[in-house]
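Structural characterization, general
Spelled out from the first residue to the last, the chains are:
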Amino acid sequence: MLKYILKRVLSGVVTVWFIATATFMAMHAVPGDPLSSEKEVSPEIRKNLEIKYGLDKPVMTQYFIYLGNMLKGDFGISFTQQNRMVNDIIREHFPVSAILGVLAILFAALGGVLWGALTALYRNKLPDIVIMFLVILGVAVPGFVFAALAQIAIVLINKATGTSVFPVAGWGSIMHMWVPAFVLGIGTMAYLTRLMRSSMLEVINSDFIRTAKSKGLSATRIFFVHQLRNAVLPVVTILGPAIAAITTGGFVVELVFAIPGLGRYFVEAIQQMDYTVIMGTTVFYGAFLVLMVTLVDIVYAYVDPRIRLK
Amino acid sequence: MKILPNKFTFFLLLILLWPAAVAFAADQATDAENQIIRIALNQEPPQLNSFLTEDSVSMMVLGHVMEGLLCYDRRGRLAPGVAERWDIDSKGATFYLRKNALWSDGKPVTAKDFVFAWRMAVDPKVASEYAFIVYPVKNAEAINTGEIKDLTQLGVKAIDDYTLKVDFEYPCGYFLGLAAFSTYFPVREDYYKTMGSKYAAEASNLLFNGAFKLTKWVHGASLRMEKNEKYWNKDAVTLSVIDCPYITSDTTALLNLFKDDKIVVAELDSETIKTAMKSQMKIRKFDSGRLRYIVFNHRDGKVTANLNFRKALRAVFDPQVFADKVVGVPGTLPGRSVMLSFLEGVNDKFRKEYPVPIHKVDKAAAKEFLAKAKKELGIDTFPPLVLLCDDTPSIAKMGEYLQGLFNGALGLDIKLDKQIFKQRLAKASAGEFDMVIGGWLPDYDDPMTYAELFASWNANNSGKWKNAVYDENIRIASKSVDPKVRMDAFAKCQQAMYEDIGVIPLFEGSNVYVQHKDVKGISRSVTGFNPNYIYARVVK
């Protein structure tokens, strides 16, 4: 078991190194750099800026300096926000994305499991058809459309009720979180619903359910104790990557709802060619994703001995 | 298999209503009793160090919390700021500072604070991107380019604590406007040195001498400006708080916040303006001074270096149609000249005194020009041409329109090269294009802010256009203080640009926005910061 964990962790580290290297090379391969600006500066100033940021050195030297600093946990100073460390940016803004992501995943998991179970129970009946229709919508409609629609809905609701039922945008209180989390979780919820439905259908037809029925257990008890519990396993499997995807994929939602999360910095840094922030956020997100996947793998190996042996 | 119906309802309710709706008392856009307004910023201010800042959001925040020698009054005109009076001629200027101008820690603002800030701005080690704006001050350029190593050679001296003497490098008729610009704001040396690299990183790492002070700054999330009780002119300020709880560049979100009475001003773009018009909101507009134009690549071997070719393109382009149909934002003016309509001439608007010729759309003539160009270039067909532009939806739309126009009317094969902003800039300065959609915002209130852009030596002249008449008249205008001489020279530049088609002006941009009906006194000016809330007040 220990050997397996070590192997997984090691391959995780290699993956992160690969992400860092690929991002670094791609970033330097595209035209332009963080110092390009609409008002062209004189060659002298440019030279001074390059020295200040170490861009005067050959790319390979920059790469090794960067790797060295990264190992020390130092991502450098942002180019666009020259007074801020990239480490500070991640430290201040990742928790916001994380809170939003956790809420979204809670919502997605809870909703996905229950909706999925219901559709299976009411297979080919009205609730199944209605829910599966909504699920297809949830999978097909992109997040930014949901975000915009949800916001317009809030404005209308607030206008109709004459009070602020939900804030339109902003961050700070628990009330700011519900709608963005809902919007962020919808896609995953739809996906989980489908997953849960097929897994539940398998369980419904299995022998132990027939046994439970013949023992005369109540429908509710069978549903919660026997069916739900057994069907939920595949859902747990994808939760790891889903958590990583949701906590890091909230760019649009963060933009629409004016939420100070890390997703915004991640995307804006690329537009600004802010080298240090691009590297910092990509490596951080990459490491986070790798960590989540590795954790799931390890937990899975613990649950299922067959995986360990391979 | 059956679950009781009430269980089903229970699940439904659980899933639909789990974010239980508790009535939420959010802060409204205005508070008349306490004189509070709420606004949104479209990005986090990237740089609040005044001698380094280069973006409009930081300049807008700085404009409220700092003050230069001059400032803008409630009508957006230049007015005495830290300097209560001044003498200015073609050689230099002397500013007499008021004794009651204080920093937010209570110490007086002195002439030394200006000397320090201006020296920092041109110090090549500091590498400020706006150093060029200090170039009218004697030796600024020489120091900035490293020719002179001694910072004290900069032509600005503190005669005493309240007298500042400035020597000019060349006559500068628009210097008073510069004195209100953020790069020229004072910075106190002892405080700056104490803060070190933390200076301007947080609200608590800054000193203020303006109408407001920054009291809270949560990065990426919110900031709050409160009335500065130490400000010398505090009696003219009615607002007690400018609160900014939202930072987002999403214009739909801004409009929604405005509709929900959460912010007092929402800037509109070509999409949200449609929504605003449908809801019958009162749309306000303001000349942004933003010029957009097609830059031609005049480097050797480029088809676009051929004048007849450029004439052909211009002959099919109708700026009026472009402004109305393609840009589609109210207040947009057709691009006729690189000297914009708002600029002042000698006694009246420049463009009234020196009208620019207006070309006619003429497809037949365009084809003749094209035939001539082919002959001159010695080619049978034109190679595919690259039109470089930004990838933002509005600019991409312009690019697609031009692509269709030049293809439809002239049969040219235009390849659209859409790039993110910084890559577009890099490709433009490297000359990797045939045409680029370029843009420019003015830095000061004088035709020179646009005109110098197309001088052959200017680093921003990415098309490398070189015109002897144009260059000569730029030199004339920059050496004179006589308005007549200068404006005549600019008129000759305008004519040279028209005849030689260095660039094709596309349009003059307009800012459109909606504003809360209970807020009065928000002012705007083309070259100052926008919007200016210093003299705003909440009525009712």
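Residues numbered from 1 in each chain as written. Chains lettered and ligands numbered in written order. Predicted model: local features only at pLDDT ≥ 70, side-chain atom pairs only at ≥ 80, totals over all residues. Heavy atoms only, no water.

Some remarks on the overall build of chain B
- A count of helices and strands for chain B gives 17 helices and 20 strands.
- Computed over the C-alpha atoms, the radius of gyration of chain B is 26 Å, within 12% of the 24 Å expected from 2.2 N^0.38 for a compact globule of 540 residues.
- Taken along the three principal axes of its C-alpha coordinates, chain B extends 90 × 75 × 40 Å.
- Of the contacts formed within chain B by residues at least 6 apart in sequence, a portion of 67% connects residues at least 24 apart.
- Roughly 21,900 Å² of accessible area belongs to chain B as shown, and the carbon and sulfur atoms make up 52% of that amount.
- The averaged location of the 65 negative side-chain charges in chain B is 4 Å from the averaged location of its 70 positive side-chain charges. (Helix = DSSP H or I, 4+ residues; strand = E, 2+ residues; numbered from the N terminus. Rg over C-alpha atoms; globule rule 2.2 N^0.38 Å. Contact = heavy atoms within 4.5 Å. Areas by Shrake-Rupley, 256 points an atom, 1.4 Å probe, with all protein chains shown as cover. Lys, Arg positive; Asp, Glu negative; His and termini not counted. Charge placed at Lys NZ, Arg CZ, Asp CG, Glu CD.)

Considerations on a nonpolar patch on the surface
- A contiguous nonpolar surface patch, about 490 Å² in accessible area, is contributed by A:L126, A:V130, A:F133, A:L134 and A:L137.
- By the secondary structure assignment, A:V130 is in helix α5 (residues 126-140). (Patch = residues over 30% accessible without salt bridge, like charges linked within 9 Å, V, L, I, M, F, W, Y side chains within 5 Å. Salt bridge = Lys/Arg side-chain N within 4 Å of Asp/Glu carboxyl O.)

Some points on the layout of surface pockets
- Of the pockets and cavities examined, the second largest pocket occupies roughly 890 Å³.
- Residue lining of the second largest pocket: 37 residues in total, with B:Y135, B:E141, B:E452, B:W457 and B:N458 positioned closest to the centre.
- At the level of secondary structure, the elements contributing two or more residues to the lining of the second largest pocket comprise α2 (43-53) of chain A together with α4 (140-144), α15 (448-451) and α16 (468-479) of chain B.
- Broken down by element, the residue count for the lining of the second largest pocket peaks at 5 residues, all from α16(B).
- Class assignment of the residues belonging to the lining of the second largest pocket gives a composition of 20 nonpolar, 8 polar and 9 charged. (1 Å grid on protein atoms, 1.4 Å probe; cavity = no way out; pocket = protein on both sides within 12 Å on 5 of 7 lines; lining within 4 Å. Points joined across faces, edges and corners; volume = space filled by probe spheres on them. Nonpolar A, V, L, I, M, F, W, Y, C, P; charged D, E, K, R; others polar.)

Focus: the pattern of salt bridges
Residues and elements named next belong to chain B.
- Applying the stated criterion across every chain, the model contains 32 salt bridges over all chains.
- When the shortest N-O distance is used, the salt bridge between D500 and R310 registers 3.4 Å. Of this pair, D500 sits in helix α17 (residues 483-500) while R310 sits in helix α9 (residues 307-316), placing them 190 residues apart in sequence. Here D500 and R310 have matching classes, each one buried. (Buried < 20%, exposed > 50% of the residue type's maximum accessible area, 1.4 Å probe, protein only.)

Some words on the packing of helix α8 (residues 207-214) of chain A against helix α9 (residues 219-231) of chain A
Residue and element names in this part refer to chain A.
- Interaxial distance between α8 and α9 falls to 11 Å at its minimum, and their mutual angle equals 175°. The angle between α8 and α9 falls in the class roughly antiparallel. Judged by residue contacts, F208, I209, A212 and K213 of α8 engage I222, H226, Q227 and N230 from α9.
- Of the residues assigned to the contact of α8 with α9, the class counts are 4 nonpolar, 3 polar and 1 charged. (Axes fitted to C-alpha atoms, helices over the stretch in contact; angles between N-to-C directions. Parallel < 35°, antiparallel > 145°, perpendicular 65-115°, else oblique.)

Details of α9(B)
Residues and elements named next belong to chain B.
- Of all 10 residues in α9, 8 are buried; the element is thus mostly enclosed.
- All of the buried residues along α9 are N308, F309, R310, A312, L313, R314, A315 and V316.
- For α9, the side-chain oxygen to backbone nitrogen distance between the N-cap and N308 is 2.9 Å, and the N-cap itself is N306. (Polar contact = N/O pair within 3.5 Å; in protein donor to acceptor, adjacent residues only side chain to side chain.)

Observations concerning the pairing of strand β10 (residues 222-227) of chain B
All names here are of chain B.
- Sheet topology note: the strand β9 (residues 212-218)/β10 ladder contains 6 bridges and is antiparallel. Its bridge partner being in β10, L214 is matched across the sheet by M225.
- Of the pairings in the sheet, the one linking β10 to strand β11 (residues 241-247) comprises 4 bridges and is antiparallel in character. Looking at the pairing, L223 lines up with C244 of β11. (Pairing = 2+ DSSP bridges.)

Let's talk about the packing of helix α7 (residues 178-204) of chain A against α9(A)
Residue and element names in this part refer to chain A.
- One can describe the packing of α7 onto α9 by two numbers: an axis separation of 8 Å at closest approach and a directional angle of 125°. When the axes of α7 and α9 are compared, the pair comes out oblique. As for the relative orientation of α7 and α9, their crossing is right-handed in sense. Facing α7, whose interface residues are M196, S199, M200, V203 and I204, α9 presents F223, H226, Q227, L228, N230 and A231.
- Per-class residue counts for the contact of α7 with α9 are 7 nonpolar, 4 polar and no charged. (Left-handed = near helix turned anticlockwise from the far one by under 90°.)

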